[in-house]
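Chains, contacts and geometry: an overview
Okay, here's what each chain looks like letter by letter:
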Amino acid sequence: MKQIALLCGLAFLFFIASCEKKDTSSLPFVKIYDDQNGNRSFTPLSIIKSTQDHGYLVLSAFDGWKIQLMKINKDGVFKWNLELPDSYVNAVPSLVNIDEQLYLVCMDPIELNTRILRIDETNHSVVQVSTLEEVSYPVHAYHNGDHLYLLSCPLSSQMMGIHEVSTALDTVIRVGALSIGMNVDEQLLKHVMHTGKQWPFFIKSTPEKDRFVVNGFCNYSFSTVFLDNNLQFTGVYNGAALDGGMNQLEPLGGNEYALSRVSGEYLFFNPKVQLDPTAIAMATSIEAQGDSELNHETPVLIKELTIKGVKYRAFLASTRSNQLSLKLYDETGKKVSGTYISKNIPIKACDLIQTPYGELLILTQVRVMGSYNRIGTIKLSKANLEDLVTVE
């Protein structure tokens, strides 16, 4: 794999729409990582800080459900990449750090069960840790600081499973289930093969660790389901069949959440809203502000950022005009700032993290020459972020 670094000073390629400074050092760097084979399509899935140095690991799917790992340094410079053997497919879109070891969760293409792999950065390889035979077609992985949780959707089962894994990562010790009530095999296969809609599956726990929130198929719809610590159902916010529902949610504590939901072809945001974990309700009943310029078919990312020692909630989404829209809210839910990251080629936000240096590193999918999907990264400097929250 070779790297194409796009010069940040070329305003016709990328620019921060709200930035008026002419000094190109104030602009974020943008890098696109090209494929030497030329004709492969990449879907970036997750980015995580290396546990060995100041670099980052990027997880991607390519040519359907095949898996690639890529290492970049702190400046986004390509270091190495690893294409996993064909015996490992369908990586869930979440790299996991457990006790300073990095893991990915994937599937065997024949037996269809789950494999947990440890990433060996030193040897540019992966080591299989375990096989979980009872977990088929994993779609999300989450570690809450105590245990690893997996969300699965076995073919033809009309059920979704929530699995709590032992600390040794080799046994399922608790299971919950969601009844779908209909066959979603077509939707699932297009999702895992990256040939159709990418469903925003997730598992998250509240800061108090007193309940879980799961996004998945349930009760003839795509729904957000609340579970207790025993993975038992307590409440649900149903989508409008498979055409709506939540596409991102971040627990804030005390039954408060930051969220994004879809209704029809529109995205709606609420940076701070109370949800009842025992409610049986529709997602459309949740108060939220619509934004017609945003693309409802692309991911929405919600992350907590610390800027000048103050905590903010960042909402990042892709617009219909192939821009990235970044909005910052304070802890009360008040909007502080918003900006666009613009360019002349299609781009989609896939993941983001705040670096130890106060920067914002965004993982993107960039469409080159109208047909090739490539991995891209954009970095907003600490100064860029401070400018966004500085009152003139």
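Coordinates for the structure precede this section.
The following paragraphs examine the structure supplied in this document. (Residues numbered from 1 in each chain as written. Predicted model: local features only at pLDDT ≥ 70, side-chain atom pairs only at ≥ 80, totals over all residues. Heavy atoms only, no water.)

Another aspect to go through is the sheet that holds strand β7 (residues 78-83). As summarised here, the arrangement of the four strands in space is β4-β5-β6-β7, forming an open sheet in which the pairing is antiparallel. Because the sheet does not close on itself, it has two edges, and the strands there are β4 (42-49) and β7. With direction set aside, neighbouring strand axes in the sheet form an average angle of 20°. The pairing of β4 with strand β5 (residues 56-62) spans seven bridges and is classified as antiparallel. (Pairing = 2+ DSSP bridges. Helix = DSSP H or I, 4+ residues; strand = E, 2+ residues; numbered from the N terminus. Axes fitted to C-alpha atoms, helices over the stretch in contact; angles between N-to-C directions.)

Listed as buried for helix α2 (residues 382-389) are Asn384, Leu385, Leu388 and Val389. The buried side chains of α2 occupy one side of the element, clustering within an arc of 130° when seen end-on. (Buried < 20%, exposed > 50% of the residue type's maximum accessible area, 1.4 Å probe, protein only. Arc of directions from axis to C-beta.)

When you tally the buried positions in strand β14 (residues 159-165), you get six out of seven residues, the bulk of the element. Counted between consecutive antiparallel strands, the loop separating strand β13 (residues 148-152) from β14 contains six residues, among which Ser156 sits at a positive phi close to 65°. Pairing of β14 with strand β15 (residues 172-179), which is carried by seven bridges, proceeds in the antiparallel orientation. Along β15, the bridge assignment pairs Met159 with Ser179. Here β14 folds back onto β15 in antiparallel fashion, the turn holding six residues, of which Leu169 has a positive phi close to 65°.

Before going further, it helps to spend a moment on the side chain of His296. Mapped onto the secondary structure, His296 falls in the loop between β24 (289-291) and β25 (300-307). Beyond its immediate chain neighbours, meaning those up to four positions away, His296 contacts Val262, Gly264, Glu265, Tyr266, Leu267 and Arg320. (Contact = heavy atoms within 4.5 Å.)

With that out of the way, let us pick up the pattern of salt bridges. Using the criterion set out here, one finds 17 salt bridges in the structure. Salt bridges sharing common partners tie together Asp53, Lys71 and Glu121. (Salt bridge = Lys/Arg side-chain N within 4 Å of Asp/Glu carboxyl O.)

Turning our eyes to something else, we now look at unusual backbone geometry. If you check the backbone angles, Gln158 has positive phi at about 55° while not being a glycine. Note that Gln158 resides in the loop between β13 and β14. Owing to a relative accessible area of 35%, Gln158 belongs among the partly exposed residues under this scheme. Phi is positive for His194, close to 60°, though the residue is something other than glycine. Considering the arrangement of structural elements, one finds His194 in the loop between α1 (185-193) and β16 (202-205). You can call His194 partly exposed: its relative accessible area is 24%.

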